[in-house]
Amino acid sequence: MPMSGFRRVSAAAVAGLMALPMAAPAVADDGAMVCAQAAYAMGLRYQQQSAEVAALQRQGFALARYRLEDRLEALGEDAAPAIITDLDETVLDNSALLARDMAECHDYTTWDTWKHWEREGEPRLIPGAKGFLDYADEHGVAIYYVSDRYQENEADTIATLEALDLPQVSEDSVMLLGPPKAERRAAVVEDHTLVMQLGDSLHDFAGDFADADLAGQHELVDENAERFGQDWIVFPNAGYGDWSEAELDAWGAPLEVE
């Protein structure tokens, strides 16, 4: 899901892959156009085309259903259970936009094409999402869609969710960019027992992640290890995230081929 902080920072070109400015296409020896955004191709191909990601997504929602069953059984009769789910790359697959931008040598991590997509794009459902959300709805669980999509496109986002036949879609349940996600989550907790959160980015779960650098996020993951797979369900997103400019750890031995 696009993150409000991440929108403001463009990803740097991947060092060693190609030494081109982010906006500058070039012509390779075979005449094909190449650009720095081609560095995104492997991650996008994995996210959009791999059967493994589809399996992980279905696995995540299957686990979420089992955990939700357990939590509902443990609640008293007077409880008002709720779940909070992110939208982008958790419920909605926006990889078509990212692939289009990459093909045009445009750095999609500037998020300057996202508003057009929110208005006119046709995202696909993440596998397993609708079945899980319908299950929650059928069992009396309030569903809140907490997303950093733009508030000015609220009507378009609601129309997209309705077209995909998702449950409990309304101006009250769709909570878009404005106050930090932590504040929007707190508003849900005022009137409900929050039993589960779902997202593809760690800041979908707690405000501490949004304020931490990558090393701090790793520490917070360790500190909250018991929550993952329980009331925090994380989905894969190889398209974008805070990790996108991290240095890779490489084996120090000289390259040898046989």
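Conventions used here
- Residues numbered from 1 in each chain as written.
- Predicted model: local features only at pLDDT ≥ 70, side-chain atom pairs only at ≥ 80, totals over all residues.
- Heavy atoms only, no water.
- Helix = DSSP H or I, 4+ residues; strand = E, 2+ residues; numbered from the N terminus.
- Buried < 20%, exposed > 50% of the residue type's maximum accessible area, 1.4 Å probe, protein only.
- Polar contact = N/O pair within 3.5 Å; in protein donor to acceptor, adjacent residues only side chain to side chain.
- Contact = heavy atoms within 4.5 Å.
- Pairing = 2+ DSSP bridges.
- Core = buried A, V, L, I, M, F, W, Y, C linked by side-chain atoms within 4.5 Å.
- Phe/Tyr/Trp six-rings, centres within 6.5 Å; stacked < 30°, edge-to-face > 60°.
- Lys NZ or Arg CZ within 6 Å of the ring centre and 35° of its normal.
- Salt bridge = Lys/Arg side-chain N within 4 Å of Asp/Glu carboxyl O.

Caption draft 1: A look at the side chain of S173. In this structure, S173 sits in the loop between α6 (154-163) and β7 (174-175). Here S173 falls in the buried class, since its relative accessible area comes to 5%. Looking at S173, its side chain comes within polar contact range of the main-chain oxygen of Q168, at 2.6 Å. When residues no more than four places from it in sequence are discounted, the contact partners of S173 are I143, Y144, Y145 and Q168.

Caption draft 2: Region of interest: the sheet that holds strand β9 (residues 232-234). Taken together, the five strands give an open sheet; going across it, the order is β7-β6-β3-β8-β9, and neighbouring strands pair in parallel fashion. The two strands at the open ends of the sheet, each matched to only one other strand, are β7 and β9. Of the strand pairs in this sheet, strand β3 (residues 81-85) and strand β8 (residues 193-199) are connected by five bridges, and their pairing is parallel. Within β8, the residue paired with I84 across the bridge is Q197.

Caption draft 3: Expanded view of the environment of V169. Position of V169 among the secondary structure elements: in the loop between α6 and β7. Considering only alpha carbons, one finds V169 and Y144, 25 residues apart in sequence, at a separation of 8.3 Å. Not counting the four nearest positions on each side in its chain, V169 is found in contact with Y145, I158, L161, E162 and V174.

Caption draft 4: Focus on the nonpolar core. Core analysis: the largest hydrophobic core is formed by 28 residues, its most contacted members being L68, I83, F132, Y145, M196 and L198. Within the residue set of this core, elements represented by two or more residues are α2 (51-74), α5 (129-138), β6 (142-146), α6 and β8. The biggest single contributor to this core is α5, with five residues. With sequence-adjacent residues up to four places away left out, M196 is seen in contact with A64, R67, L68, A82, I83, I84, F132, Q230, D231 and I233. The next biggest cluster of nonpolar side chains, apart from the first, holds twelve residues, and it includes Y40, L97, L98 and W111.

Caption draft 5: Focus on the environment of A64. Along the polypeptide, A64 turns up in helix α2. Along the primary structure A64 and L133 are separated by 69 residues, whereas in three dimensions their C-alpha atoms are 9.9 Å apart. What A64 contacts, discounting residues up to four positions off in sequence, is F132, M196, L198 and I233.

Caption draft 6: Up close: the packing of aromatic side chains. All told, the structure shown has nine aromatic pairs when counted by the stated rule. With centroids separated by 5.9 Å and ring planes inclined at 35 degrees, the aromatic side chains of F61 and F132 adopt a geometry described as tilted. One end of the pair, F61, is in helix α2; the other, F132, is in helix α5, with 71 residues separating them in the sequence. You'll find F61 and F132 in the same group, each marked buried. When the centroid spacing of 4.9 Å and the interplanar angle of 80 degrees are considered together, the rings of W111 and Y240 count as edge-to-face. One end of the pair, W111, is in the loop between α3 (95-103) and α4 (114-120); the other, Y240, is in the segment after β9, with 129 residues separating them in the sequence. Its relative accessible area of 3% is what places W111 among the buried residues. Among the aromatic residues, ring-to-ring pairing joins Y40, Y108, W111, W114 and Y240 into one connected group. Seen from the ring of Y150, K115 lies directly overhead, with NZ or CZ sitting 4.8 Å from the centre.

Caption draft 7: Summary view of the pattern of salt bridges. Across all of its chains, the model carries twelve salt bridges by this definition. Notably, a salt bridge pairs K181 with D86, separated by 3.2 Å at the nearest N-O pair. Linking K181 in helix α7 (residues 181-189) with D86 in the loop between β3 and β4 (92-93), this pair joins segments that are 95 residues apart in sequence. A single network of salt bridges, built from pairs that share partners, joins D86, K181 and D204.

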